[in-house]
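The primary structure of each chain is shown beneath.
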Amino acid sequence: MNSLNMKVSLKKIVSILVFHCLFTAQAFELHVASNGSDRNKGTLSSPFLTIEKAKETLRSSGRIGREPCRVLIHEGVYRLKTALRFGVEDGGTQKNPVSYEAVKNEKVILT
């Protein structure tokens, strides 16, 4: 690989990393943990107990579609009393998506 191609490849890698960091750093985040409470604030130190509560809080926040939003689900078994239902109002936009995701390297089970 010549130095010009190497510089271009390095620029692409740096651009992707910067975009990823900006997305995750600027995303509005709510946390869910199996030892949380739906009376909590949904923060890392005070997580919700249910995904449903995170969804309701996100809907009422007015942030969907205005900024990237993430619901981070921490390790544990989550027993659903009813099926989770998501509508178009829960998805955000291409520029400002909403994601529900397990925290990296943590095992999440929905049952």
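Residues numbered from 1 in each chain as written. Predicted model: local features only at pLDDT ≥ 70, side-chain atom pairs only at ≥ 80, totals over all residues. Heavy atoms only, no water.

Trainee: Please explain the pattern of salt bridges as it appears in this structure.
Mentor: Should their charged atoms come close, side chains of opposite charge can pair. For the structure shown, the criterion picks out six salt bridges. Residues Glu29 and Arg70 are paired through a salt bridge, measuring 2.9 Å at the closest nitrogen-oxygen approach. You can see Glu29 sitting in strand β1 (residues 28-32) and its partner Arg70 sitting in strand β2 (residues 69-73), a full 41 residues away along the chain. A relative accessible area of 12% means that Arg70 is categorised as buried. With its nearest N and O atoms 2.6 Å apart, the salt bridge here joins Arg59 to Asp90. Of this pair, Arg59 sits in helix α2 (residues 51-61) while Asp90 sits in the loop between β3 (76-78) and β4 (98-102); the two residues are 31 residues apart in sequence, bridging distant segments of the chain. (Salt bridge = Lys/Arg side-chain N within 4 Å of Asp/Glu carboxyl O. Helix = DSSP H or I, 4+ residues; strand = E, 2+ residues; numbered from the N terminus. Buried < 20%, exposed > 50% of the residue type's maximum accessible area, 1.4 Å probe, protein only.)

Trainee: When you look at the layout of surface pockets in this model, what are you seeing that I'm missing?
Mentor: To find the voids left in a structure, one rolls a probe of water-molecule size over its atoms. Put simply, the largest pocket is a space of about 290 Å³. Taken together, Ser34, Leu49, Thr50, Ile51, Glu52, Val77, Tyr78, Arg79, Leu80, Lys81, Thr82 and Leu84 make up the full set of residues lining the largest pocket. Of all elements in the fold, only α2 and β3 reach the threshold of two or more residues within the lining of the largest pocket. Of the residues that constitute the lining of the largest pocket, the class distribution is six nonpolar, three polar and three charged. (1 Å grid on protein atoms, 1.4 Å probe; cavity = no way out; pocket = protein on both sides within 12 Å on 5 of 7 lines; lining within 4 Å. Points joined across faces, edges and corners; volume = space filled by probe spheres on them. Nonpolar A, V, L, I, M, F, W, Y, C, P; charged D, E, K, R; others polar.)

Trainee: Got a minute to help me understand unusual backbone geometry in this structure?
Mentor: For residues that are not glycine, phi is negative in most cases, and the peptide bond is trans in most cases. Its identity as a non-glycine residue notwithstanding, Asn105 has a phi of 65°, on the positive side. Among the secondary structure elements, Asn105 is positioned in the loop between β4 and β5 (108-110). On the basis of relative accessible area, Asn105 is assigned to the exposed category, the value being 74%.

Trainee: I would appreciate a short explanation of the side chain of Ser37 in the present structure.
Mentor: Positionally, Ser37 belongs in the loop between β1 and α2. Ser37 gets classed as buried once you look at its relative accessible area, which sits at 19%. For Ser37, the side chain forms a polar contact with the main-chain nitrogen of Arg39, separated by 3.1 Å. Discounting residues that sit within four places of it in the chain, Ser37 has contacts with Pro47, Phe48 and Leu49. (Polar contact = N/O pair within 3.5 Å; in protein donor to acceptor, adjacent residues only side chain to side chain. Contact = heavy atoms within 4.5 Å.)

Trainee: Help me out: how do you make sense of the side chain of His74 in this one?
Mentor: For His74, the position within the fold is in the loop between β2 and β3. Here the side chain of His74 touches His31 through a polar contact of 2.8 Å, side chain to side chain. Discounting chain neighbours no more than four positions away, the residues touching His74 are His31, Val32, Ala33, Leu44, Val103, Glu106 and Val108.

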